[in-house]
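Inside the fold
Now for the letters of each chain:
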Amino acid sequence: MEPPASSSTAAAAAAPSKPRSYWRWSKQDFFPEPSFQTGETYRNALTNTCPRLKDRLLNRSTDSHELLVLPKASENRMARVLTWWDLTWLAFGAVVGSGIFVVTGQEARFHAGPAIILSYAASGFSALLSAFIYAEFAVEVPVAGGSFSFLRIELGDFLAFVAAGNILLEALVGAAGLGRSWSSYFATMVKNDSEFFRIRINSFKDGFNMLDPLAVAVLLITNGIAASGTRKTSVLTWITSIATTLVIAFIIIVGFIHGKSSNLTPFLPYGVKGVFNAAAVVYWSYTGFDMVATMAEETKNPSRDIPIGLIGSMSMITVIYCLMAWALVSMVKYTEIDAEAAYSVAFVQIGMNWGKYLVSICALKGMTTSLLVGSMGQARYTTQIARSHMIPPFFALVHPKTGTPVNATLLTTLSSCVVALFTSLDVLSSVFSVSTLFIFMLMAIALLVRRYYVREATDGKSDFWKVLLCLFVVIGSCIVGTVFWNSGLFGWIGYTVAACVWFLATLVMSLLPKKRQPKVWGAPLVPWVPSLSIATNLFLMGSLGSEAFYRFLICTGVMLVYYIFVGVHATYDVDHGIGQESKHDEVY
């Protein structure tokens, strides 16, 4: 018979452990994996980098792993408080920021003329295709990781890391840029000087020598609101977004009343190429809707609310943008549009001086809600990445009271504040323009892989190679067609042949048997919708300058260095259960 001490020890061991404090800072909270326990274990991990990297390249996650296993790392659940109404206005708040007020005049003046309306329609069509794809994934896998989780399931850890790293980097720089823009707009309203609130440090390098404490304050306030509670942020966003809609309606009505048909001629002064060059730039007025997909884990009824919220909002925004572009070019001749402050100056040009203040207030509000929703999305991307241990799991923790990832919010907030404090807008505006289109293209590829290739269900390798060949031809024909279009090589014959090859490859894919159908809701017309999304995203990428690609490659290279020295080993340990034998899975 065991002594009584043993049974009391067993009882103590069986007793539930005291919940750990949310605020903790030990090494185990940041690097709990065996590879990082000592210098010796890390050296051993580095010597096995090649086989581990191969394992990571071939590894793919599963729906159940992303849905059921990874959220345990957060220790507390995110609160399910959002409806389709919330998601609609979150998307509206995320997308309708300063972009429509900033780039419309620039592109109408120099690249598209009155045909800027068609540029917005083309970009909106491409964004809507991506919204269909995001909606299917978010319904099937309603987790906080958004495209990171979706790509991890279908294309593997490596591409998911590249995509997520670029999204986070672009989001951080975008938030910093919005903070600086907010400061500039507000300064011009106070003293007609965009740098009124900035502090010059002559000893710093140009582009980094104008400190902007107001931008930092705006970022801290908006991120603080986002961290305080999802429902509170959602209500604030949709109330202010409705106010923005009323101002936009006023701008459209004024354009209808004061517009002149003579201002719309010639409609295509820069030709068709000018329309698509402008479309590649104004596409950024649509970015941000993908952040809404990261809210799926907090949605009450994902299968109903996400398609309505995402697709409904993007359809509404496309119509609004086209009408706003029409209002501008009908009020003012495109050659007379002010490229820097198009809408404000347009009101002055038609004799409504007070209207410029209304436009400025609307732009400030748009930037504020973009910051709010962007903060929420960035934090949730970060949370899911941390759950997978690609970055320290400390940032995966969800606060028990707010139900939000406070640690992840703090990380993204402080990072964007540092960038916003030192870095000027002209530096920020030229960074990471290609990454969003690249990620949207990967999402379209992932949907085709999901529908046509399932590891457990595909009979033999022949189906896999058929799907891979079709994808290769679709992507290759799109790249070749884009090169022909931009270079003028072979004229219309070149890109017409490329378009025909794309059509035939997509047609062949449509004849292949689908291995998976969505359980509840899915994107329509597969493979045509995702294949067309690949084509439009690659086409718009090709319309960007070479600098965008250089910066994209440099930033991706920096991320890969981190991945090889840290991410590979952390995820390898976790996925292979190394050092986890003594841990118990707890279902909360």
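Residues numbered from 1 in each chain as written. Predicted model: local features only at pLDDT ≥ 70, side-chain atom pairs only at ≥ 80, totals over all residues. Heavy atoms only, no water.

1. Side note on the overall build of the protein chain
Across its full length, the protein chain holds 24 helices and 2 strands. In the protein chain, which comprises 588 residues, the proportion classed as buried is 54%. Entry remark: accessible area of the protein chain is about 24800 Å², with carbon and sulfur atoms responsible for 69%. (Helix = DSSP H or I, 4+ residues; strand = E, 2+ residues; numbered from the N terminus. Buried < 20%, exposed > 50% of the residue type's maximum accessible area, 1.4 Å probe, protein only. Areas by Shrake-Rupley, 256 points an atom, 1.4 Å probe, with all protein chains shown as cover.)

2. Re the nonpolar core
Phe 101, Ile 116 and Tyr 120 are the most contacted members of the largest nonpolar core, which totals 149 residues. Looking at this core, the element that brings in the most residues is helix H20 (residues 435-452), giving 14 residues. In this structure, Phe 101 is in contact with Tyr 185, Ile 251, Met 324, Ala 342, Tyr 343, Val 359, Cys 362 and Ala 363, ignoring residues within four places of it in sequence. (Core = buried A, V, L, I, M, F, W, Y, C linked by side-chain atoms within 4.5 Å. Contact = heavy atoms within 4.5 Å.)

3. A few points about the packing of helix H9 (residues 147-154) against helix H10 (residues 157-191)
The interhelical angle for the contact between H9 and H10, taken along N-to-C directions, is 165°, at an axis separation of 7 Å. Here H10 runs roughly antiparallel to H9, going by the angle between their axes. In terms of crossing hand, the pair formed by H9 and H10 is right-handed. Taken together, the residues of H10 that come into contact with H9 (itself represented by Ser 147, Phe 148, Leu 151 and Arg 152) are Asp 157, Ala 160, Phe 161, Ala 163, Ala 164 and Ile 167. Taken together, the residues that form the contact of H9 with H10 break down as 7 nonpolar, 1 polar and 2 charged. (Axes fitted to C-alpha atoms, helices over the stretch in contact; angles between N-to-C directions. Parallel < 35°, antiparallel > 145°, perpendicular 65-115°, else oblique. Left-handed = near helix turned anticlockwise from the far one by under 90°. Nonpolar A, V, L, I, M, F, W, Y, C, P; charged D, E, K, R; others polar.)

4. Some thoughts on helix H4 (residues 49-58)
Residues of H4 that are buried include every one of Thr 49, Arg 52 and Arg 56, and no others. In a view along the axis of H4, the buried residues occupy a sector of 70°, so they form one face of it. Those residues of H4 that are exposed and aimed more than 90 degrees away from the buried face are Cys 50, Lys 54 and Leu 58. (Arc of directions from axis to C-beta.)

5. Brief notes about the packing of aromatic side chains
Under the definition given, this model contains 30 aromatic pairs. With a centroid separation of 4.5 Å and an interplanar angle of 20°, the aromatic rings of Phe 30 and Phe 394 are classed as stacked. With Phe 30 in helix H2 (residues 27-30) and Phe 394 in the loop between helix H17 (355-387) and helix H18 (406-422), the pair connects residues that are 364 residues apart, well separated along the chain. Residue class for Phe 394 comes out buried when judged on its relative accessible area of 4%. Ring geometry for Trp 89 versus Phe 92: centroids 5.2 Å apart, planes at 65°, classification edge-to-face. Of the two residues, Trp 89 and Phe 92 both sit in helix H6 (residues 84-95), 3 residues apart, roughly one turn of that helix. (Phe/Tyr/Trp six-rings, centres within 6.5 Å; stacked < 30°, edge-to-face > 60°.)

6. Considerations on the environment of His 258
Among the structural elements, His 258 can be located in helix H12 (residues 230-258). Taking the C-alpha atoms as reference points, His 258 and Ala 327, 69 residues apart in sequence, are found 8.8 Å from one another.

7. Remarks on a nonpolar patch on the surface
A cluster of nonpolar residues, Trp 23, Trp 25, Leu 220, Leu 410 and Leu 414, forms a patch on the protein surface that exposes about 550 Å² of accessible area. As for its placement among the helices and strands, Leu 220 is situated in helix H11 (residues 213-228). (Patch = residues over 30% accessible without salt bridge, like charges linked within 9 Å, V, L, I, M, F, W, Y side chains within 5 Å. Salt bridge = Lys/Arg side-chain N within 4 Å of Asp/Glu carboxyl O.)

8. Overview of the environment of Ser 531
Within the secondary structure, Ser 531 sits in helix H23 (residues 528-542). Considering only alpha carbons, one finds Ser 531 and Leu 129, 402 residues apart in sequence, at a separation of 9.6 Å. Non-local contacts of Ser 531, meaning those with residues more than four positions away in its chain, are made with Leu 448, Val 474, Trp 502 and Thr 506. Here the side chain of Ser 531 touches Trp 502 through a polar contact of 2.8 Å, side chain to side chain. (Polar contact = N/O pair within 3.5 Å; in protein donor to acceptor, adjacent residues only side chain to side chain.)

9. Examining unusual backbone geometry
The step from Thr 265 to Pro 266 runs through a cis peptide bond, and the omega angle for that step is -5°. Checked against the element boundaries, Pro 266 lands in the loop between H12 and helix H13 (271-282). Along the chain, Val 526 connects to Pro 527 via a cis peptide bond; the corresponding omega equals 15°. Checked against the element boundaries, Pro 527 lands in the loop between helix H22 (491-511) and H23. The backbone of His 389 shows a phi angle near 75°, a positive value even though the residue is not glycine. With respect to the helices and strands, His 389 occurs in the loop between H17 and H18. Overall, His 389 belongs to the buried group, its relative accessible area being 14%.

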